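Structural characterization, general
Here's the letter readout for the chains.
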Amino acid sequence: MLVRGNMNARAKCPECGGAELFSTEVSSYGGYGPVLLPGLHSWMSYPNFEVVVCAGCGLTRFYAEEKARTKLSSTKQWKRSS
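Structural notes, computed from the coordinates. (Residues numbered from 1 in each chain as written. Predicted model: local features only at pLDDT ≥ 70, side-chain atom pairs only at ≥ 80, totals over all residues. Heavy atoms only, no water.)

A look at the overall build of the protein
Helices and strands together make up the secondary structure of the protein, namely one helix and three strands. Here the protein, with 82 residues, has 22% of them falling under the buried criterion. Looking at the protein alone, contacts between residues at least 24 apart form 49% of all its contacts between residues at least 6 apart. About 6000 Å² of surface is accessible on the protein, with carbon and sulfur atoms providing 53% of the total. (Helix = DSSP H or I, 4+ residues; strand = E, 2+ residues; numbered from the N terminus. Buried < 20%, exposed > 50% of the residue type's maximum accessible area, 1.4 Å probe, protein only. Contact = heavy atoms within 4.5 Å. Areas by Shrake-Rupley, 256 points an atom, 1.4 Å probe, with all protein chains shown as cover.)

Laid out in structure tokens, this is it:
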């Protein structure tokens, strides 16, 4: 089982404490839907998400890959939350 992001340290679900976490990678490019990480892609190369789902309660988390996160402070499409 591959688990990265904030769930990696505990390898347990922060919602229910379950240990059955499953993950996969999906593109942030929506195809027919919206681009989910606007301004964080390169020319024709969209970053991936790691999606982690808890089998016990269904909590689902999306983690943007590091390459995309490094662009957050330099793009006008994202602003820091208070």
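Section: the nonpolar core
Grouped together as the largest cluster of nonpolar side chains are six residues: Leu 37, Leu 40, Phe 49, Val 51, Ala 64 and Ala 68. Val 51 has contacts with Phe 22, Ser 23, Thr 24, Val 26, Thr 60, Arg 61 and Phe 62, leaving out every residue within four places of it along the chain. Counting five residues, the second largest nonpolar core, distinct from the first, contains Cys 13, Val 52, Cys 54 and Tyr 63. (Core = buried A, V, L, I, M, F, W, Y, C linked by side-chain atoms within 4.5 Å.)

Considering the environment of Tyr 29
In this structure, Tyr 29 sits in the loop between strand E1 (21–27) and strand E2 (48–54). Of the residues examined, Tyr 29 reaches a relative accessible area of 41% and is grouped as partly exposed. Through-space distance from the C-alpha of Tyr 29 to that of Phe 49 is 9.9 Å; in sequence the pair is 20 residues apart. Residues within four places of Tyr 29 in sequence aside, it is in contact with Pro 34, Val 35 and Tyr 46.

Topic: the environment of Pro 14
Mapped onto the elements, Pro 14 comes out in the segment before E1. In this structure Pro 14 comes out as partly exposed when scored by relative accessible area, which is 37%. In this structure the C-alpha to C-alpha distance between Pro 14 and Leu 59, which are 45 residues apart in sequence, comes to 8.7 Å.

Structural notes on the state of the cysteines
Summed over all chains, the structure comprises zero disulfides. Free of any disulfide, Cys 16 has its nearest neighbouring cysteine sulfur in Cys 54, separated by 3.6 Å. Cys 57 carries a free sulfur, and the closest cysteine sulfur to it, the one in Cys 13, is 3.7 Å from it. Owing to a relative accessible area of 38%, Cys 57 belongs among the partly exposed residues under this scheme. (Disulfide = S-S within 2.5 Å.)

A word on the sheet that holds E2
Strands pair in a sheet through their backbones, by hydrogen bonds, and they do so in one of two ways: parallel or antiparallel. Spatially, E1-E2-E3 is the arrangement adopted by the three strands of the open sheet, whose pairing is antiparallel. Two strands lie at the open edges of the sheet, namely E1 and strand E3 (60–64), each paired on one side alone. Direction aside, neighbouring strands of the sheet carry axes that sit 25 degrees apart on average. Sheet topology note: the E1/E2 ladder contains seven bridges and is antiparallel. Within the sheet, the bridge partner assigned to Ser 23 lies in E2 and is Val 52. (Pairing = 2+ DSSP bridges. Axes fitted to C-alpha atoms, helices over the stretch in contact; angles between N-to-C directions.)

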